[in-house]
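Working through the structure, step by step
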Amino acid sequence: MRAAVLHDLGEKLDIRDDVTVLGPGPGEIRIRVRAAGVCHSDQSARDGGLPQPMPAVLGHEAAGDVIEVGNGVDDLAPGDRVIVNWLPSCGTCAECLRGEPYLCMTHVMNGYAMPRFMAGDRPIFGMAGCGAFAEEMVVPRIGAVPIDADVPYEVAALVGCGVMTGVGAVVNTARVRPGETVVVIGCGGVGISAIQGARVSGAALIVAVDTVPAKLDVARRFGATHAVTPDQLSDLIVEVTGAEGFDYAFDVVALPQTLRTAWSAARRGGTVVVVGAGRAEHQVEFNPFELLFEGKRIIPSLYGSAYPPRDFPKLIALWRAGRLDLEGMITHRLRLDEVDDALAALGRGDVIRQVIVQDA
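Here the structure is a predicted model, which means the values were calculated and not measured.

Let's talk about the overall build of the chain
Helix and strand content of the chain: eleven helices and 19 strands. Computed over its C-alpha atoms, the radius of gyration of the chain comes to 20 Å, within 12% of the 21 Å expected for a compact globule of 360 residues. Along the longest, intermediate and shortest principal axes, the C-alpha atoms of the chain span 60 × 40 × 40 Å. Within the chain, the fraction of its 360 residues that count as buried is 56%. Once local pairs closer than 6 in sequence are excluded, the contacts in the chain between residues at least 24 apart make up 70%.

Set out below in structure tokens:
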């Protein structure tokens, strides 16, 4: 089958047609990938921002059809349509038993140790144990959520990471309530999803911040009440909050300067929500005085604090009801051999979400 293989950090992806997928073993399923979203995390894995053993097939935001099930899988069958859940929970670790399945690392760590593909006699890893930039992939049964056959693959793929991460940060992690105020820093696919989550939650003020002016118009279209560049934010805070700041500041970019911006934008007693992954070598400085007397919280939102078997169907229901615009987020449809172009386009003003589409 065809797959885009990354041989080493920073290199171009190698589109090969001699790749085989391994499995499914017991408790696993094999999926024919029909659509795969291109996420900033894919680029971060390629450039070393996120750890990833090499060689690897990148891609983790996907939807497709089950084509084979392993022993012990009796609730899915070939032909079922599914969304890939790249952070599946094992159900038995300490985090799962505490009701925090989004912190479970069992299957992800297995993905770092266990190759998912072969190219000739060379083992190939799958990003986060997935590898969606391929025609087929194998995941644990809990790594797929079944959906109705009328849900378009492209829409379903977005739910699998970007939409879940952004909407979940607002709805699950922060639990924004009607009338509260929100600022979202970064207006890519996850940021636009967070803006939509804030709109669904009834936030009174939804401020979008991005360095790319073209993205500000996009943010308004998806529900932002105001949209500014970072240098305009201070004046807007004075104008719309009386200099108090916002109840919630969502940092989707997760650079040191954006986290400081989010801190400054949150009101005293407000909450800063870290949504982006950032890089391990980056450091952000806070002094004990401001941490104490500002009374603000900094909280993480990994994968939107999601439990996908519960939350994916809810997002699909919001899409059906017209309350989440997912089709409108898809700005480019590409072929598998164009994935390098898609990664290079991340951050461009005309890009919200790009989807690699594979024919049936």
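A short note on the nonpolar core
Within the largest apolar cluster, 100 residues are counted, with the highest numbers of intra-cluster contacts made by Phe-133, Met-137, Ile-192, Ile-195 and Phe-250. Top element by residues in this core is helix 4 (residues 153-174). It accounts for twelve residues. Counting residues in hydrophobic clusters, the runner-up holds 16 residues, among them Val-183, Trp-263, Ala-265 and Val-272.

Let's talk about the packing of helix 4 against helix 5 (residues 189-201)
Two elements in contact, helix 4 and helix 5, have axes whose closest approach is 7 Å; the angle formed by their N-to-C orientations is 40 degrees. The angle between the axes of helix 4 and helix 5 places the two elements in the oblique class. Between helix 4 and helix 5 the crossing geometry is right-handed. Of helix 5, the residues touching helix 4 (which contributes Gly-162, Val-163, Thr-165, Gly-166, Val-167, Val-170 and Val-171) are Val-190, Ser-193, Ala-194, Gly-197, Ala-198 and Ser-201. Here the residues of the contact of helix 4 with helix 5 are counted per class, giving seven nonpolar, six polar and no charged.

Points about the packing of aromatic side chains
Applying the stated rule across the entire model yields four aromatic pairs. On the basis of an interplanar angle of 40 degrees and a centroid distance of 4.8 Å, the ring pair of Trp-86 and Tyr-303 is categorised as tilted. Note that Trp-86 is positioned in the loop between strand 7 (81-84) and helix 2 (94-97) and Tyr-303 in the loop between strand 17 (297-300) and helix 10 (308-320), a separation of 217 residues in sequence. The class for Trp-86 is buried, based on a relative accessible area of 15%. By relative accessible area, which is 2% here, Tyr-303 ends up buried. The aromatic ring of Tyr-153 is capped on one face by Arg-81, whose charged end is 3.8 Å from the ring centroid.

Describing the environment of Leu-291
Here Leu-291 is to be found in helix 9 (residues 288-293). Ignoring anything within four residues of it in the chain, the contact list for Leu-291 reads Trp-263 and Phe-286.

Some thoughts on the packing of helix 4 against helix 10
Helix packing for two helices is described by the angle between their axes and how far apart those axes are. One way to put it is that helix 4 packs onto helix 10 with a least axis distance of 10 Å and a crossing angle of 100 degrees. Taken as axis vectors, helix 4 and helix 10 run roughly perpendicular relative to one another. On helix 10, the residues touching Val-155, Val-159, Gly-160, Val-163, Met-164, Val-167 and Asn-172 of helix 4 are Arg-310, Asp-311, Phe-312, Leu-315, Ile-316 and Trp-319. For the contact of helix 4 with helix 10, the per-class residue count stands at nine nonpolar, two polar and two charged.

Concerning helix 5
Since one α-helical turn is 3.6 residues long, residues separated by three or four positions face the same way. Taking 1.5 Å of rise per residue, 13 residues should cover 18 Å, and helix 5 covers 18 Å from first to last C-alpha, within 8% of that figure. Burial analysis of helix 5 places eleven of its 13 residues in the buried class, which makes it a mostly covered element. Residues of helix 5 that are buried include every one of Gly-189, Val-190, Gly-191, Ile-192, Ser-193, Ala-194, Ile-195, Gln-196, Gly-197, Ala-198 and Ser-201, and no others. For helix 5, the elements touching its buried residues are helix 4, strand 12 (181-185), strand 13 (205-209), helix 6 (213-221) and strand 19 (353-357). Downstream of helix 5 by one or two residues, Gly-202 has phi in the positive range, about 85 degrees.

A few points about the sheet that holds strand 13
The parallel open sheet is built from six strands, whose spatial order is 14-13-12-15-16-17. The two strands at the open ends of the sheet, each matched to only one other strand, are strand 14 (226-228) and strand 17. Averaged over all neighbouring strand pairs, the angle between strand axes comes to 20 degrees, with direction disregarded. Bridge count between strand 13 and strand 14: three bridges; the pairing is parallel. Considered in strand 14, the bridge of Ala-208 is made with Ala-227. Its contacts with the sheet place helix 4 against strand 15 (246-251), strand 16 (266-274) and strand 17, and it is angled at close to 130 degrees to strand 15. Lying over the sheet, helix 8 (residues 256-265) contacts strand 12, strand 15, strand 16 and strand 17, oriented at roughly 145 degrees with respect to strand 16.

Thresholds applied
- Residues numbered from 1 in each chain as written.
- Predicted model: local features only at pLDDT ≥ 70, side-chain atom pairs only at ≥ 80, totals over all residues.
- Heavy atoms only, no water.
- Helix = DSSP H or I, 4+ residues; strand = E, 2+ residues; numbered from the N terminus.
- Rg over C-alpha atoms; globule rule 2.2 N^0.38 Å.
- Buried < 20%, exposed > 50% of the residue type's maximum accessible area, 1.4 Å probe, protein only.
- Contact = heavy atoms within 4.5 Å.
- Core = buried A, V, L, I, M, F, W, Y, C linked by side-chain atoms within 4.5 Å.
- Axes fitted to C-alpha atoms, helices over the stretch in contact; angles between N-to-C directions.
- Parallel < 35°, antiparallel > 145°, perpendicular 65-115°, else oblique.
- Left-handed = near helix turned anticlockwise from the far one by under 90°.
- Nonpolar A, V, L, I, M, F, W, Y, C, P; charged D, E, K, R; others polar.
- Phe/Tyr/Trp six-rings, centres within 6.5 Å; stacked < 30°, edge-to-face > 60°.
- Lys NZ or Arg CZ within 6 Å of the ring centre and 35° of its normal.
- Expected span 1.5 Å × (residues − 1).
- Pairing = 2+ DSSP bridges.

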